2 protein chains.
Amino acid sequence: MRLRSTIDFLLYDWLKTEELNSRPRFADHSRQTFDAVMDICERIAREKYAPFNRTVDTQEPQFDGEKVILPECTYEARKAFAESGMLSAAQDYEIGGMQLPYTVEAAANCFFAAASISIGSNMLTSGNANAILVHGTEMQKQVFAANEFNGRWAGTMCLSEPQAGSSLSDITTRAEADGQGFEDDPLGPRYRLKGNKMWISSGDHELTENIVHLVLAKIPGADGKFIPGVKGISLFIVPKKLVDTEGRLTGERNDVALAGLNHKLGWRGTTNTLLNFGEGKYPVRGGAGALGYLVGKPGEGLKCMFHMMNEARISIGMAASMLGLAGYYASLEYAQNRPQGRPIGEGGKDASKPQSRIIEHADVKRMLLAQKAYGEGALALNLYCARLVDEQYTGSPEAAGQAKLLLEVLTPVAKSWPSEFCLEANSLAIQIHGGYGYTRDFAVEQYWRDNRLNMIHEGTHGIQAMDLLGRKVVMDGGKGLQLLAGRINASIERAMGRAQLSAYANHLAKALAEVGAATKSAWATGNPQEALANAVPYMQAFGHMVLAWTWLDVALALLDKDEELAIAAHKGGIAAMRYFFHYELPKIGGWLQVVKSRDMTCAQMREEEF
Amino acid sequence: MRLRSTIDFLLYDWLKTEELNSRPRFADHSRQTFDAVMDICERIAREKYAPFNRTVDTQEPQFDGEKVILPECTYEARKAFAESGMLSAAQDYEIGGMQLPYTVEAAANCFFAAASISIGSNMLTSGNANAILVHGTEMQKQVFAANEFNGRWAGTMCLSEPQAGSSLSDITTRAEADGQGFEDDPLGPRYRLKGNKMWISSGDHELTENIVHLVLAKIPGADGKFIPGVKGISLFIVPKKLVDTEGRLTGERNDVALAGLNHKLGWRGTTNTLLNFGEGKYPVRGGAGALGYLVGKPGEGLKCMFHMMNEARISIGMAASMLGLAGYYASLEYAQNRPQGRPIGEGGKDASKPQSRIIEHADVKRMLLAQKAYGEGALALNLYCARLVDEQYTGSPEAAGQAKLLLEVLTPVAKSWPSEFCLEANSLAIQIHGGYGYTRDFAVEQYWRDNRLNMIHEGTHGIQAMDLLGRKVVMDGGKGLQLLAGRINASIERAMGRAQLSAYANHLAKALAEVGAATKSAWATGNPQEALANAVPYMQAFGHMVLAWTWLDVALALLDKDEELAIAAHKGGIAAMRYFFHYELPKIGGWLQVVKSRDMTCAQMREEEF
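Residues numbered from 1 in each chain as written. Chains lettered and ligands numbered in written order. Predicted model: local features only at pLDDT ≥ 70, side-chain atom pairs only at ≥ 80, totals over all residues. Heavy atoms only, no water.

Undergrad: In this structure, what is going on with the relation of the copies chain A and chain B? I would like to understand it.
TA: In this structure, two copies of a chain are linked by a rotation about an axis accompanied by a shift along it. Expressed as a screw operation, the relation of chain A to chain B combines 0.0 Å of axial shift with a rotation of 180°, fitting to an RMSD of 0.0 Å. The transformation relating the two chain copies, once decomposed into turn and shift, fits a two-fold axis. When C-alpha positions in chain A are compared against the rotation axis, the closest is assigned to Lys-587 of chain A, at 3.1 Å. (Least-squares fit on C-alpha atoms with pLDDT ≥ 70 in both.)

Set out below in C-alpha cells:
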C-alpha cells in the first residue's frame, strides 16, 4: 500500500506519465490500463512472491548431477509472472506485447523486487529477448525472442568467464564455423562453441521447457588466433535443447553442461552457475562443441549485448532501491510496535512509566528518515531514468537525443547509488531491530545480504565510476554534463520561487558548482591516471548531488499538489528532502577533496607497503 | 605474521609496554615472557581456530531438547584456550593468574579474534569471573571465580530480557529470599529466581562441566513490588548445576532451562540463547525458582555488573578491528594473485598484453588502503585503551585518575568506531573479490556477517552515542574532554616539529577545534532533546577525530623508529595515516553540521509522516 502510493505519486504527479498516452505507440493506454497492470503485479507479488522470500533463501538451489532442484514456490512464481504478460509488457503488439511505456513496466516490476528480489530472474529473459529482437534475424525473433516473451522459454546472458570477470576482452570461449554450409542454417550462421562461462544467473533449471543462452565468444581468424580486445567478440544464441524453425524441441540436447552452482551470500532464489559449453558431456550431431547461431555481425557481439545495458542497469538500481524500501517498511513497522526505553526529556527517565515504542526515540527516527530518503530518492531517480528511456524511443528527435545523452550520464548513478546507499539503509533497518535484526527470524538481515550483490553485478562500483568520470561527463566536450546541469538549474530556478525551497535551491546550486569544478580539476592535467585515481569518491559526490536534485524536484511536485502539506505523507516527503540536504549533501565536500587535488596517496602505494 | 608485526610495533614501539615491567605487579615479566604468550596464542589460533572458522558458521549450534550440539572443533578450541592460561592471564598469581598487563592480554587475544571470532566466547567467562572477584565473597571467589579462571567452568552475563533489551530498568526477573536462614548459605545469601533472559551468549552447552550464570534480577519490597529503575536491580550467581563449598557438583541440576537458540546472521560459533529461570523444568530442592546467590549488596547489581564494562567494550572494539584486519589480509592476498584487466595509462588498454593482477588498479589500492587505515587504526586505539586500563590499576594515583577519565571518554569510541568502519572495511574486502566475494567459497562474506553484530551488542551505536555526548564529554564540566584534548595537543605539538607531519598536525588541530565547538553548540540551549538529537553523527565525527589523532601519534612512532622510512611496512603506515587525513578526516564537517545547528528534522518527525 505504502509503496503503491509512493509509486503512484512519482509516476503521475511527478513524472506525468499519463502524458505519454498522447503518443501513437501508447494511444490505447490510459491511467486505467496502467493502474490495472499495477494492480495485477501488486497482487501477484503479494500472493506468489512475498510469502516465499525466506523459503528461497533457506532452500537454496541444489544440483543432483543432472538437474537443478528448486522449491515449488519458484515454479509458482515464475508461472504467475509469465501469465501476467509482464515478460513482454513494453513490446510491440505484433510480438504479443502490451506496448506499455517502459516507465510503467519498470514501476510495475517494483512490486516483485520488493516482495522477493531473487525468486524471479525475469529481467534476464526480457533483456535476452530484447537483444535478439534488435539484432537478430526474423527467424531468430520468431523462434527465440517470441518464445521467451510468451513465457515458454527463459533466457540468460553469458558474458563472464572464470579468468575474465569484468574484463570481457579476455574471454576465451571459441566459436568455429560448423562445417560446410554453416552459413545456410535457417536459424542463423551455425558455429561450434567451446568454453566456460561463470556467474551465469539462471544458467540451468527446469522452470521452462528450454533455456536460450546468449553467449559472447570469439571467432578465430584464419591463423587460428583471436583478434585481441573487445573487437573480436561475437554474439551467439545457444539453446540448451535444440529446436527447429517452428520453435519445436527436436529432442536433441545441446552440449551445454552445468558445471556447478555458486553458493552465495544472498539472492539465493536465483541459480548462479558455471556452464561448460562444448566440453563433450552432451555430444551433439556428431561434432565437438555446442551449437550456436550467430546474432548480428561477427565482431559486433559486445555492441549487440550492450544494447540493453542502460535498462539492465536501471533494473539493478531499482532492485537495490526496492530492497532499501523493503527494509524501511519492515523497520518502520517494528519501530511502531516495539516498546523499549523512554525518550529523553521531561520525565523521560521515570522508570515507573510504561516503556515507549522505539519510534519515539530521536535516533530511531533518524534511522527511519535516512532509509526513507535513500529508498524513495533512489526509486524516484530510477523512475526518472525509465522515463528517459521512453523519451529516447518515442520522443521528438530533439527530446530523444537529449534523453539518450542524459541517460548516459545518469545510468552509472542510477545503478551505483542505490546499491551503496540502500545497502546502508538495510543496515539501519537491522540496527532498528537491535538483536532481533541480527536473527533470521526477521526479514531485514536477508535484505542486507541480498542487496550486497548490487555493487558487484552489471558492472562493479569501480567500473561505474570509471565510466562516469572517465567517459560520461567528458564525452563530446562535456555535453552530457552540461545537459544535466541545465535540467538541474531548471529545477533550481523553480525552487527559488518557493519560500519553502529556496534555501535548498541555493545549496544545490553550490553543490552543482562544486561537482563541476571537481570534474575540471580532476582532468586539469589531462592524465587519466591522475583524473581517475579517485573515481569512486567522485561518483559518490556526484550521486549525492544528483539525489539532492531528485529530492528537490520531487519536493516541487509535492508542493504543487499540496501546498499546505495537509497530507502527512506529503509532509514526510518534504522532511525526507530536508533530511537529504541537511544530513547527506554536506558529505560531498569530503569526497571531492581528493578528486580536486588529484590525490595519489592510494594510487602510488607499492605492493610491499600494504 | 603481518598481524604479529603490526601488534609488536604498536605494543613495544608505540605504547612502550615493556616499561610496565618496572612496576611491582609486573616485575617478573619481560619482553621475553610477553613474546612467549603471544607465540602460544598465535599458534593455538592458527591450529585450533582459523581452520574451523567456516565450520562453526555452517554447523550452527543445535538443540535436541536436552543438550546443545556443537561441532567437535569447538571443544578442541575451548580446551586449547583454557590450557593456555589465557582465561586468567591478567589475574593475580594467587588465583592462578599470570599477572600479565591487560595490554598484553588484549593483544594476545587478537590472534583468536582474527582467526575465528565466534568459536570462543571466553571474554564472557573472564568478565564474569572478574566481576565475582571484585564484588563476591571469599567463598564465591574460591568456588566460582577460581573454577572459571582455571577453565573447569564457563560463565555468562544474563542482563537482557525479551521485553527489556537495552532498557535494563525494565527487567522483571524476580528474586525472593529462599526461606528461613537464606542469609546463612556459605555460598552467599540464597534466593529463588524466576524470569526469562534473552540474548545470552554461551547460555547453554556441554563444553564445560558447569556454567556460572551471573544474573540481574529484582528483589521485591515488602509490598511485593519492585523499586522502579535500575536501583532495584541486584546481581546473583546462578549455577547451571548446583555445587558445594568445595566446588564439587552436588549432582543436582538447577532450574535453568534453555528455551531456545537464536539463529543468527553471523557469529554462529557462539550459542545465543533464551534462558528460563525457575520455570519448573528442573525443580530444585522442593521449591519453586532457580537457586541463586547474591553478589554484593542488594540494589547494586548494575554497578557490580558494569564494573567490567570498559574492558568488555574494548573487547568488542577489538573483535570488530580483528574482523576488519582479517578481511584486509584476505583481500590483499586475493588482489596480489588475481589477474584481471589492465591498469589505466600507457598501453594499459592493449588487450594483447597479459592481464595485470588487480592490486595494480588504483581503485583496488584505494580499497586496500582504506581497510588498512580502518583496521590498524582501530587496533591501535583499542590497544591504547587497554594500556589505559593498566594505568588505571597500576599507575601513580594521578596517572590512574587520568587514565580512568580518559577511558570514560574513549571507550564509546573504541567500541563503536571499529564496529562501524571495520564493517565497512569488510564490505570493501568483498568488493575487491568481485563475484567471488559474494560466494561462500571465500572468507570475506563471513567476516562481514560476523562483524555486523558489533554495532548491536554491548550497547548499541545509539546508546554509545548518547553516552558520549550526553555524559562523557560533559561530565565534571567537560574534564574528560579537556584531558583528551590535552593529550591530542601534545601529539600535535610533537608532530609540528616533524616536516613530514606538520601539515597533518594542523588538520588535526582544526578538527579538534571543530569537535569542541560542536560539543558546545549541541549543548548551547541546555536542552538534552536538542543536544542529543544528533548524537550518532556527533560520535561519528568525534570518532574520526580520535582516529586521526591515533594515526598521527602512530606516525610519530614510525618516524622515531625509521626516519627514512626504509622499511616498506613503515612507509605503508605513513601512507595509511595520509589516507586517513586526506580521505576520512574531511568527512567530519558533514557530520557536525547537524550537531552544531541542533537540527531537529528527524526528531520532529511525526509517526504518520513516515
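Undergrad: Can you help me understand helix H12 (residues 444–451) of chain A in this one?
TA: Counting along an α-helix, one turn takes 3.6 residues, and residues three or four places apart therefore face a common direction. Summarising burial for H12 of chain A: eight of the eight residues are buried, a large majority. Looking at H12 of chain A, one finds that the buried residues are Val-444, Glu-445, Gln-446, Tyr-447, Trp-448, Arg-449, Asp-450 and Asn-451 of chain A. Looking at the buried positions of H12 of chain A, the neighbouring elements they touch are helix H3 (53–58), helix H9 (309–337) and helix H11 (397–433) of chain A together with helix H11 (397–433) and helix H12 (444–451) of chain B. (Buried < 20%, exposed > 50% of the residue type's maximum accessible area, 1.4 Å probe, protein only. Helix = DSSP H or I, 4+ residues; strand = E, 2+ residues; numbered from the N terminus. Contact = heavy atoms within 4.5 Å.)

Undergrad: Even after reading the chapter, I still don't get the pattern of salt bridges, so can you show me in this structure?
TA: Pairs may arise between side chains of opposite charge once their charged atoms sit close together. Taken as a whole and assessed by the stated rule, the structure comprises 95 salt bridges over all chains. We note a salt bridge from Glu-445 of chain A to Arg-449 of chain A, for which the minimum N-O separation is 2.8 Å. Residue Glu-445 of chain A and its partner Arg-449 of chain A are both found in helix H12; the two are separated by four residues, about one turn of the helix. Across the pair, exposure class does not vary: Glu-445 of chain A and Arg-449 of chain A are buried alike. For Lys-571 of chain A, the salt bridge identified is with Glu-609 of chain B, shortest N-O distance 3.8 Å. Remark: Glu-609 of chain B occurs in the segment after helix H19 (588–596) and Lys-571 of chain A occurs in helix H18 (residues 568–584); the pair is interchain, linking two chains. (Salt bridge = Lys/Arg side-chain N within 4 Å of Asp/Glu carboxyl O.)

Undergrad: Just to check I follow, could you spell out the interface of chain A and chain B for this structure?
TA: It is common to give the size of an interface as the accessible area that goes away when the parts come together. Taken together, the contact between chain A and chain B spans 98 residues of the former and 98 residues of the latter. Counting the surface lost from both chain A and chain B, the interface buries some 8,300 Å², and carbon and sulfur atoms represent 58% of this. Area buried by chain A at its contact with chain B is led by Ile-344, Tyr-438 and Phe-610 of chain A, which between them contribute 11% of it. Taken together, the connections running from chain A to chain B amount to eight salt bridges. The tally of links between chain A and chain B comes to 46 residue pairs in polar contact (both at pLDDT 80 or more). Split by residue class, the side of chain A that touches chain B holds 42 nonpolar, 30 polar and 26 charged. (Buried area = accessible area lost by both parts, 1.4 Å probe. Polar contact = N/O pair within 3.5 Å; in protein donor to acceptor, adjacent residues only side chain to side chain. Nonpolar A, V, L, I, M, F, W, Y, C, P; charged D, E, K, R; others polar.)

Undergrad: Can you help me understand the environment of Glu-300 of chain A in this one?
TA: Here Glu-300 of chain A shows up in the loop between strand S12 (290–295) and helix H8 (301–305). Along the chain, Glu-300 of chain A and Ile-233 of chain A lie 67 residues apart, while their C-alpha atoms are 6.4 Å from each other.

Undergrad: What is the right way to look at the packing of aromatic side chains in this model?
TA: To describe a pair of aromatic rings, you give the distance between the ring centres and the angle between the ring planes. Residue and element names in this part refer to chain A. If you walk through the whole model with that rule in mind, you get 43 aromatic pairs over all chains. With a centroid separation of 4.9 Å and 75° between ring planes, the pair formed by Phe-81 and Phe-112 is classed as edge-to-face. Of the two residues, Phe-81 is situated in helix H4 (residues 72–84) and Phe-112 in helix H5 (residues 102–115); the sequence distance between them amounts to 31 residues. An angle of 90° between the planes, with centres 5.7 Å apart, marks the rings of Tyr-334 and Phe-442 as edge-to-face. Of this pair, Tyr-334 sits in helix H9 while Phe-442 sits in the loop between H11 and H12; the two residues are 108 residues apart in sequence, bridging distant segments of the chain. An aromatic cluster of three or more residues is present, and its members are Tyr-374, Trp-417, Phe-421, Phe-580 and Trp-591. (Phe/Tyr/Trp six-rings, centres within 6.5 Å; stacked < 30°, edge-to-face > 60°.)

Undergrad: Sorry if this is basic, but what is going on with the pairing of strand S3 (residues 153–158) of chain B here?
TA: When a strand is regular, its side chains alternate between the sheet's two faces. Residue and element names in this part refer to chain B. S3 sits mainly inside the fold: six of its six residues count as buried. Two elements, S3 and strand S6 (residues 210–218), share six bridges in a ladder whose sense is parallel. Opposite Cys-158, over in S6, you have Val-215 as the bridge partner. (Pairing = 2+ DSSP bridges.)

Undergrad: Hey, could you run me through the environment of Gln-32 of chain A in this one?
TA: Residue and element names in this part refer to chain A. With respect to the element layout, Gln-32 can be found in helix H2 (residues 31–49). For Gln-32, a relative accessible area of 59% corresponds to the exposed category. Expressed as a C-alpha distance, the spacing of Gln-32 and Glu-18, which sit 14 residues apart in the sequence, is 9.9 Å.

Undergrad: Looking at this structure, I do not really get the pairing of strand S12 (residues 290–295) of chain B. What am I missing?
TA: All names here are of chain B. Burial analysis of S12 places six of its six residues in the buried class, the great majority of the element. Burial of the side chains of S12 extends over both faces: Ala-290, Gly-292 and Leu-294 are buried on one face and Leu-291, Tyr-293 and Val-295 on the other. Two elements, strand S5 (residues 190–201) and S12, share four bridges in a ladder whose sense is antiparallel. The partner of Arg-190 across the bridge, within S12, is Tyr-293.

Undergrad: How should the domain arrangement of chain A be read in this particular structure?
TA: Residues and elements named next belong to chain A. Domain annotation for chain A reports domain 1 (1–120), domain 2 (154–299), domain 3 (300–459) and domain 4 (470–610). Centre-to-centre, using C-alpha coordinates, domain 1 lies 18 Å away from domain 3. With 24 residues of domain 1 in contact, the opposing surface of domain 3 contributes 31 residues. Taken over both partners, the interface formed by domain 1 and domain 3 buries close to 2,400 Å², and the fraction arising from carbon and sulfur atoms is 62%. In terms of surface lost to domain 3, no three residues of domain 1 exceed Arg-23, Arg-54 and Tyr-102, which account for 27% of the buried area on that side. On the surface where domain 1 and domain 3 come into contact, there are three salt bridges. In this structure, Arg-449 and Asp-57 form a salt bridge, with 2.8 Å as the shortest nitrogen-oxygen distance. Joining domain 1 to domain 3, the criterion identifies 10 residue pairs in polar contact (both at pLDDT 80 or more). Looking at the side of domain 1 that touches domain 3, the elements with two or more residues in it are helix H1 (2–14), H3 and H5. For the side of domain 1 that touches domain 3, a count of residues per class yields 16 nonpolar, three polar and five charged. (Domains from an automatic or database assignment.)

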